[in-house]
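Working through the structure, step by step
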Amino acid sequence: MSDHKPQKTVKPPRAFGWMAEYDDENKMLEAARKVRDAGYTRTDVFAPFPVHGIDEALGIKPTILPWFSLIAGATGTGVALLMQCWMNAVDYPYIISGKPFISLPAFIPVTFELTVLFAAFTTVFAMLALNGLPRLSNPVFTNPKFDRATDDRFFLWVDARDKYFNSDSVKSLLQATGPLGVEEVREDDSSTEIPKGLYGIIGTLILLTIIPLTVVWNIRSVRSGSPRWHVFFDMDFQPFRKAQKETTQFADGRTERPPVPGTVARGTQSGDDPYFLGYTPANDTAAIMPSVSGIRLVSAQEESPAADSAPANTDAEPADSDGQPAAESSSAAAPEPAQSTAQPPSTDQSTGELVAEDPSAGKSEASQQAAGGTVATGAEPDYAWLSSLPEQVQADDRLFELGQRKFNQVCAVCHGYAGYGNGLVTQRAESIGATYWLQPTSVHDPRVQQQPLGRVYYTITHGKGKMAGYSSSLNVQERWAVAVYVKSLQRSQNAQSGDVPPDTAGQ
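Since we're looking at a predicted model, the values are computed, not measured.

**Description of unusual backbone geometry**
Put simply, L133 and P134 share a cis peptide bond, and its omega is 0°. The phi dihedral of S97 falls on the positive side, at around 55°, and the residue is not glycine. Mapped onto the elements, S97 comes out in the loop between α3 (65-91) and α4 (104-130).

**Things to note about the state of the cysteines**
Scanning all chains against the criterion turns up zero disulfides. C411 provides the cysteine sulfur closest to C414, a residue in no disulfide bond, and the two sulfurs are 8.8 Å apart.

**Some points on the packing of helix α13 (residues 397-415) against helix α17 (residues 476-492)**
Closest axis-to-axis distance for the α13/α17 pair is 7 Å, and the angle between their directions is 90°. Taken together, α13 and α17 sit at an angle that is classed as roughly perpendicular. Between α13 and α17, the residues in contact are L399, F400, L402, G403, Q404, K406, F407 and C411 and Q477, E478, A481, V482, V484, Y485, V486, S488 and L489, respectively.

**Section: the pairing of strand β1 (residues 15-22)**
In terms of burial, β1 is a largely internal element, seven of the eight residues being buried. Examined bridge by bridge, β1 and strand β4 (residues 181-186) share six bridges and lie antiparallel to one another. Within the sheet, the bridge partner assigned to A20 lies in β4 and is V182. Looking at chain direction, β1 and strand β3 (residues 154-159) are connected through six bridges and run antiparallel. Across the sheet, the residue bridging to Y22 is F154, located in β3.

**As for the packing of α13 against helix α14 (residues 424-431)**
At a minimum axis separation of 4 Å, α13 and α14 run at an interaxial angle of 30°. The angle between α13 and α14 falls in the class roughly parallel. Of the residues in α14, those touching α13 at A412, V413 and C414 are L424, V425 and T426. Classifying every residue of the contact of α13 with α14 by side-chain character gives five nonpolar, one polar and no charged.

**What to know about the side chain of H444**
Mapping H444 onto the fold places it in the loop between α14 and α15 (446-449). Only 2.7 Å separates the side chain of H444 from the backbone oxygen of A418, close enough to count as a polar contact.

Rules behind the numbers
Residues numbered from 1 in each chain as written. Predicted model: local features only at pLDDT ≥ 70, side-chain atom pairs only at ≥ 80, totals over all residues. Heavy atoms only, no water. Helix = DSSP H or I, 4+ residues; strand = E, 2+ residues; numbered from the N terminus. Disulfide = S-S within 2.5 Å. Axes fitted to C-alpha atoms, helices over the stretch in contact; angles between N-to-C directions. Parallel < 35°, antiparallel > 145°, perpendicular 65-115°, else oblique. Contact = heavy atoms within 4.5 Å. Buried < 20%, exposed > 50% of the residue type's maximum accessible area, 1.4 Å probe, protein only. Pairing = 2+ DSSP bridges. Nonpolar A, V, L, I, M, F, W, Y, C, P; charged D, E, K, R; others polar. Polar contact = N/O pair within 3.5 Å; in protein donor to acceptor, adjacent residues only side chain to side chain.

Shown next, in the form of structure tokens:
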């Protein structure tokens, strides 16, 4: 057998075009104009800095990239609006804060985000496609002189793929522009084989990417009594105690700490003002709460002995076996205080605050209210309710409009726009057969209609039953406005002939 092996045919490097080198940008601009006037369009220049007028010299037409951005942005806007309209008005119709199902102002944030997202991604990908990127290699890189393109040299390039390209004609044209040199750019003749070691590196990287997926799959498929991962170790294992639990860290053994002495409860800066309360506080309540600024009774708790402990009188004798104070021989002549007023305040075990142990329920509740606490569950407060607006609130059309707007935004979702307790939440609960849902109270209930204006304001402030108070979301003026609007709703369903203005009574 012959050991002759066929010789591998070696092809000469393919020509890619001609490149001229200049030491001045003005010469390059003049050469570019001559090349453009000769009819060549597949040309390019390389300069160490932007050259003004190069677009006109090369005859570059405006790019169509802005049209891609415009179309993509408009698409994002349309998708966002259609998506929100379908979600809010068709798939899950729900009124939030009194807004209509299709509320364009509320749709603006999402619409803006999708518009920018679509336009940005489309612009980037379109720019890459129009420029033929990514391009890992360029034939001009084979010329060592081209390295000075980022330093102090300017290069004009004519591509061999131009439809009017003729090697000799292009060479003559470039030489006539006075360059430092004109060279033909040929294909890089270096080996195109990928180094074998690179295969191993790529394979290793692929295997490494499988490891996280394997770990995640194992975590999701295997049951374990231990936590999986603690990414934020200091957050998962931070020192803390649950509420209502005992602790040895504090002397009283309680985990839940009382407020700092002198703490002013939110919204109780003027705790004795009917404008804030909705009723006129009793004088005895003021005696229990001497601080008109709404300082919580916890201050008194910190300054006075605990209710379940002996009075802070070191001279007092200990109680006898019946729990009654022993007679004090040294103070026998002192007048014995009245039973109803000499009792020290006791401690509310649930809140840790002091409450007066007065037999009068109104007094006890008043002290809790003044202390910023809550009224005892199930107890109907009996205060001196205001039957008219306080002097700080002026009854006019603006107050009525404010009350109507706030009622529709905050209250109508449960009570309904007419106040019959048939709001959207109730309708939704009925449609899904929710047995746990209790219909909100109708403001036209005779019991509610008989309530004074101050009582309605009090309910809005502190809540009633499962309805939470709205003192944190409505200010005092807005709560009075809503109370006025509720009374107007009640009156609208029970209007009398005397309510009709005389000038329209005959119509």
